[in-house]
Amino acid sequence: MPPRQRLSPAERRAQLLHVAARLFAARPYDEVLMEDVAEQAGVSRALLYRHFPSKPDLFAALYQRVADQLLAKTRLDPADTLVEQLIEGLDAHIEYFAENRHTVLAANRVLAGDRLVQTIIADELDALRERLLGALPVTDDTTRQAVSGVLKSWLVFVQVLCVDWLTEQTCTRTELRDVCIGAVLGAIRPLLDEDPAPDWPPPG
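Residues numbered from 1 in each chain as written. Predicted model: local features only at pLDDT ≥ 70, side-chain atom pairs only at ≥ 80, totals over all residues. Heavy atoms only, no water.

Quick look at the pattern of salt bridges now. Pairing is possible between side chains of opposite charge, provided their charged atoms come close. In total, this model carries 9 salt bridges according to the counting rule given. For Asp126, the salt bridge is made with Arg129, and the minimal N-O distance between the two is 3.0 Å. Highlighted residues: Asp126 and Arg129, both in helix α7 (residues 115–134), separated by 3 residues, approximately one helical turn. Classification of Asp126 as partly exposed rests on a relative accessible area of 32%. Under the relative-accessibility criterion, Arg129 is labelled buried at 13%. Here Arg189 and Asp195 are joined by a salt bridge, their closest N and O atoms 3.0 Å apart. On the basis of relative accessible area, Arg189 is assigned to the partly exposed category, the value being 26%. Ionic contacts of the salt-bridge type, sharing partners, join the residues Asp126, Arg129, Glu130 and Arg144 into one network. (Salt bridge = Lys/Arg side-chain N within 4 Å of Asp/Glu carboxyl O. Helix = DSSP H or I, 4+ residues; strand = E, 2+ residues; numbered from the N terminus. Buried < 20%, exposed > 50% of the residue type's maximum accessible area, 1.4 Å probe, protein only.)

To continue, consider unusual backbone geometry. It is generally the case that most residues other than glycine have a negative phi and that most peptide bonds are trans. Along the chain, Trp200 connects to Pro201 via a cis peptide bond; the corresponding omega equals 5°. Along the polypeptide, Pro201 turns up in the segment after α9 (173–188).

Quick look at the packing of helix α6 (residues 101–110) against helix α8 (residues 141–167) now. Running from amino to carboxyl end, α6 crosses α8 at an angle of 130°, the nearest separation of the two axes being 10 Å. Judged by the angle between their axes, α6 and α8 are oblique. For α6 against α8, the interelement crossing comes out left-handed. Residue-level inspection shows Arg101, Val104, Leu105, Asn108 and Arg109 of α6 in contact with α8, the latter providing Gln159, Val163, Asp164, Leu166 and Thr167. (Axes fitted to C-alpha atoms, helices over the stretch in contact; angles between N-to-C directions. Parallel < 35°, antiparallel > 145°, perpendicular 65-115°, else oblique. Left-handed = near helix turned anticlockwise from the far one by under 90°. Contact = heavy atoms within 4.5 Å.)

This part covers the packing of α8 against α9. Where α8 contacts α9, the two axes come as close as 10 Å, and the packing angle between them is 160°. Classified by the angle between their axes, α8 and α9 sit roughly antiparallel to one another. Here α8 and α9 pass one another in a crossing that is right-handed. Touching Val147, Val150, Leu151, Trp154, Phe157, Val158, Leu161, Cys162 and Trp165 of α8 are Arg173, Leu176, Val179, Cys180, Ala183, Val184, Ala187 and Ile188, all from α9. When grouped by side-chain class, the residues that make up the contact of α8 with α9 number 16 nonpolar, no polar and 1 charged. (Nonpolar A, V, L, I, M, F, W, Y, C, P; charged D, E, K, R; others polar.)

Compared with the 27 Å implied by 1.5 Å per residue over 19 residues, the 27 Å span of helix α4 (residues 55–73) between its first and last C-alpha is a close match. Every buried residue of α4 is listed here: Lys55, Leu58, Phe59, Ala60, Ala61, Leu62, Tyr63, Val66, Ala67, Leu70 and Leu71. Residues of α4 that are buried make contact with α1 (9–26), α2 (34–41), α5 (82–99), α6 and α7. (Expected span 1.5 Å × (residues − 1).)

Take the confidence of the model for the chain next. In this model, the chain carries a mean pLDDT of 93, and residues with pLDDT of at least 70 account for 97%. Here α5 is the element of the chain with the lowest mean pLDDT, 94, and α9 is the one with the highest, 98. (pLDDT = per-residue confidence, 0-100.)

Inspection of the secondary structure puts His93 in helix α5. There is a polar contact of 3.0 Å between the side chain of His93 and the backbone oxygen of Gly89. Ignoring any residue separated from it by four or fewer positions in sequence, one finds His93 in contact with Leu70, Thr74, Glu124 and Leu128. (Polar contact = N/O pair within 3.5 Å; in protein donor to acceptor, adjacent residues only side chain to side chain.)

The next point concerns the packing of aromatic side chains. One pass over the full model with this rule turns up 4 aromatic pairs. Judged by centre distance (5.1 Å) and plane angle (85°), the rings of Phe24 and Phe59 are edge-to-face. Placement of Phe24 in helix α1 and of Phe59 in helix α4 is noted, with a sequence separation of 35 residues between them. No difference in accessibility class separates Phe24 from Phe59, as the two residues are buried. (Phe/Tyr/Trp six-rings, centres within 6.5 Å; stacked < 30°, edge-to-face > 60°.)

Here you go:
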């Protein structure tokens, strides 16, 4: 065990989450032990459990941080076109999914029944839906409600598609992203008076 560093509670929590992120990314959820996290962080198990009472608590805190970071990377810029914003957001998510396969599979499959983790995922999807609504030419409440429902279903579709892609990569990242973009544009175009992406699909 490396020598223990004296850190503030916030710094120690951040360090533990950093170590946990590395371990959960490298191994399936069931193979990551709290003892491993404590050893890698150079702390006692008692100290780790003071910050995180259980492995599910540790993982939930880690996934909340992941969701916050992904949302920060997908802030929609009104100066960009809708397609540019979709590309930026999807690329950020797909890159994280590809580089942290075990973590994503744990959140979406192993812990599919964990209320806290699923709430974190649902909250992120809701935030993304609101951002997308703000980027669309929606002029009345009825249309907004209809488009909001489509976006909610589309985001779940993207989540399921990307998780399945992690287990059997039958297409490239770019193809996966473009399938997602094509799906949402095809779904919302009939609801809008103005085409939100006249430049899509790009000329082949």
